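Chains, contacts and geometry: an overview
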Amino acid sequence: MVGAGRAARTLARLWREAGVFAIGAVSNRSLASAQAATTFIGSGVPSEFGALDARASASAQVVMIGVTDSEIEGVAQQLATRWSVLEAGSAPAVVFHLSGALPAQSLAGLRSVGAAVASLHPVTSFADPAALLVSFASTPCALEGDAAALAVLEPALARIGAKVFRIDGNSKLAYHAGAVFASNYLVCLLDAATQAYAQAGIDAVEALALARPLIRQTLENVFAHGSAAALSGPIARGDVELVLAQHAALAVRNQDLARLYQELGRHAARLAQRADPWEATALPAEPGGRV
Ligand SMILES: NC(=O)c1ccc[n+]([C@@H]2O[C@H](COP(=O)([O-])OP(=O)(O)OC[C@H]3O[C@@H](n4cnc5c(N)ncnc54)[C@H](OP(=O)(O)O)[C@@H]3O)[C@@H](O)[C@H]2O)c1
């Protein structure tokens, strides 16, 4: 393992406990961090990556790169350079990383030393590794890369209960943007709701208490009926006057919030197949027209 942070150490422990992989070298930037990782995993030989020699790093059959996304290509290059001095056939057979946004192709340099490469993205948050040990089973995992790597990783994931699905490596940025919308931007959306409530004098705690049952009900509706059918509110009803008044009210105190309201409103109008409320007002108001 190179980069045994939250995600990689969790997978390593699950695989060790399931008897899928025995853990060998565990390298992080610092030795102390690698030691903490091996303690968590319950196995492995900790080291500082910079001090790990070619033969020790090549002694494994499978190498998991769990460094942060921006470090992946650099680490892969360093491994390829170190392993290029070894006799042919002694580099690890499979190398994979855990990024949701980057493809297996980020490890392409390792093919020249004989490794098959893959990307494996568990669709979950590893913020609390200890808790995830209990709840990991059924986690969806996106997998793509060389056939020889997938032939090793797919059964290894099945053994710890993961639900593997294949993804096109060329689409990983868009695929990961889906997760950004579903997770990160959902948080931002709730923050925006809190800001709107604040303009009405409702504090953040009360705002979340008000939003909570709404969020739950809305999500249940989306999962049961799909996004378009779950959309309710003024835009779904085509209440253009209310939408414009609401936008103007927000803009008085917070232009950024008003802009976000407008952009999401436009998206909602397309989802509801209604006319864009802001464009609609720019059209001449004709009897029987859209306005
Ligand atoms: N966290 C999640 O919820 C999650 C979910 C799915 C996928 N992932 C993916 O998993 C990967 C790791 O994320 P993470 O959240 O586990 O990160 P993390 O907790 O920050 O761990 C990264 C680890 O990589 C080590 N590292 C960083 N750069 C290194 C380098 N140049 N050489 C050697 N070791 C290096 C760090 O060592 P030090 O401790 O010594 O600094 C650290 O232990 C990323 O590709 C991420 O996209 C994460």
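Rules and cut-offs
- Residues numbered from 1 in each chain as written.
- Predicted model: local features only at pLDDT ≥ 70, side-chain atom pairs only at ≥ 80, totals over all residues.
- Heavy atoms only, no water.
- Helix = DSSP H or I, 4+ residues; strand = E, 2+ residues; numbered from the N terminus.
- Rg over C-alpha atoms; globule rule 2.2 N^0.38 Å.
- Buried < 20%, exposed > 50% of the residue type's maximum accessible area, 1.4 Å probe, protein only.
- Contact = heavy atoms within 4.5 Å.
- Areas by Shrake-Rupley, 256 points an atom, 1.4 Å probe, with all protein chains shown as cover.
- Lys, Arg positive; Asp, Glu negative; His and termini not counted.
- Charge placed at Lys NZ, Arg CZ, Asp CG, Glu CD.
- Axes fitted to C-alpha atoms, helices over the stretch in contact; angles between N-to-C directions.
- Parallel < 35°, antiparallel > 145°, perpendicular 65-115°, else oblique.
- Nonpolar A, V, L, I, M, F, W, Y, C, P; charged D, E, K, R; others polar.
- Pairing = 2+ DSSP bridges.
- Right-handed = clockwise from strand over helix to strand, strands pointing away.
- Core = buried A, V, L, I, M, F, W, Y, C linked by side-chain atoms within 4.5 Å.
- 1 Å grid on protein atoms, 1.4 Å probe; cavity = no way out; pocket = protein on both sides within 12 Å on 5 of 7 lines; lining within 4 Å.
- Points joined across faces, edges and corners; volume = space filled by probe spheres on them.
- Near = heavy atom within 4 Å.
- Polar contact = N/O pair within 3.5 Å; in protein donor to acceptor, adjacent residues only side chain to side chain.

Counting secondary structure elements, the chain contains 13 helices and seven strands. Scaling as 2.2 N^0.38, a compact globule of 291 residues should have a C-alpha radius of gyration of about 19 Å, whereas the chain reaches 25 Å, well beyond that. Its C-alpha atoms put the chain at 80 × 35 × 35 Å along the principal axes. By residue count, 37% of the 291 residues in the chain fall in the buried class. Across the chain, the fraction of contacts at a sequence separation of at least 24, relative to all contacts at a separation of at least 6, is 57%. When the accessible surface of the chain is summed, it comes to about 15,700 Å², and 57% of that surface belongs to carbon and sulfur atoms. Seen as two clouds, the 21 positive and the 23 negative side-chain charges of the chain have centres 5 Å apart.

Between helix H11 (residues 240-253) and helix H12 (residues 255-271), the shortest axis-to-axis distance is 6 Å and the interhelical angle comes to 155°. Judged by the angle between their axes, H11 and H12 are roughly antiparallel. Side by side, H11 and H12 meet where Val243, Gln246, His247, Leu250, Ala251 and Arg253 of the first sit next to Gln255, Leu257, Ala258, Tyr261 and Gln262 of the second. For the contact of H11 with H12, a count of residues per class yields six nonpolar, four polar and one charged.

Another aspect to go through is the pairing of strand S2 (residues 45-48). Bridge count for strand S1 (residues 25-28) against S2 is four bridges, and the pairing is parallel. Among the inter-strand pairings, Ala25 is bridged to a residue of S2, identified as Val45. Handedness of the crossover joining S1 and S2 through helix H2 (residues 31-41) is recorded here as right-handed.

Counting residues in hydrophobic clusters, the biggest one holds 33 residues, and the most contacted among them are Met1, Trp15, Met64, Phe96, Leu120 and Phe136. Residues contacting Met64, with those up to four places away along its chain left out, are Met1, Val2, Ala8, Leu11, Ala12, Trp15, Phe96 and Leu98. The next biggest cluster of nonpolar side chains, apart from the first, holds 23 residues, and it includes Ala54, Val63, Leu110 and Val117.

In this approach, a probe sized like a water molecule rolls over the atoms, and the result shows the empty space that is left. Within this model, the largest pocket holds a volume of roughly 2,000 Å³. Forming the walls of the largest pocket are 39 residues, and the residues nearest its centre are Leu189, Thr218, Leu231, Leu264 and Ala268. Among the secondary structure elements, those contributing two or more residues to the lining of the largest pocket are helix H7 (172-199), helix H8 (204-225), helix H9 (227-230), helix H10 (234-237), H11 and H12. With 11 residues, H7 is the largest single contributor of residues to the lining of the largest pocket.

Along the chain, Ala130 turns up in helix H5 (residues 129-135). For Ala130, a relative accessible area of 44% translates into the label partly exposed. Expressed as a C-alpha distance, the spacing of Ala130 and Leu186, which sit 56 residues apart in the sequence, is 25 Å.

Attention shifts here to the site of the ligand. In the neighbourhood of the ligand, 23 residues make up the surrounding shell, with Ala7, Ser33, Asp69, Glu71 and Phe126 lying closest. In the model, an oxygen atom of the ligand is placed 2.6 Å from a nitrogen or oxygen of the Ser33 side chain. Interatomic distance of 3.4 Å between a backbone N/O atom of Val67 and an oxygen atom of the ligand. Against a free-state accessible area of 910 Å², the protein chains account for coverage of 81% of the ligand. When contributions to the shell around the ligand are tallied by element, the ones reaching two or more residues are helix H1 (6-17), helix H4 (69-84) and strand S5 (116-122). With three residues, the single largest contributor to the shell around the ligand is H4. Of the residues that constitute the shell around the ligand, the class distribution is eight nonpolar, 11 polar and four charged.

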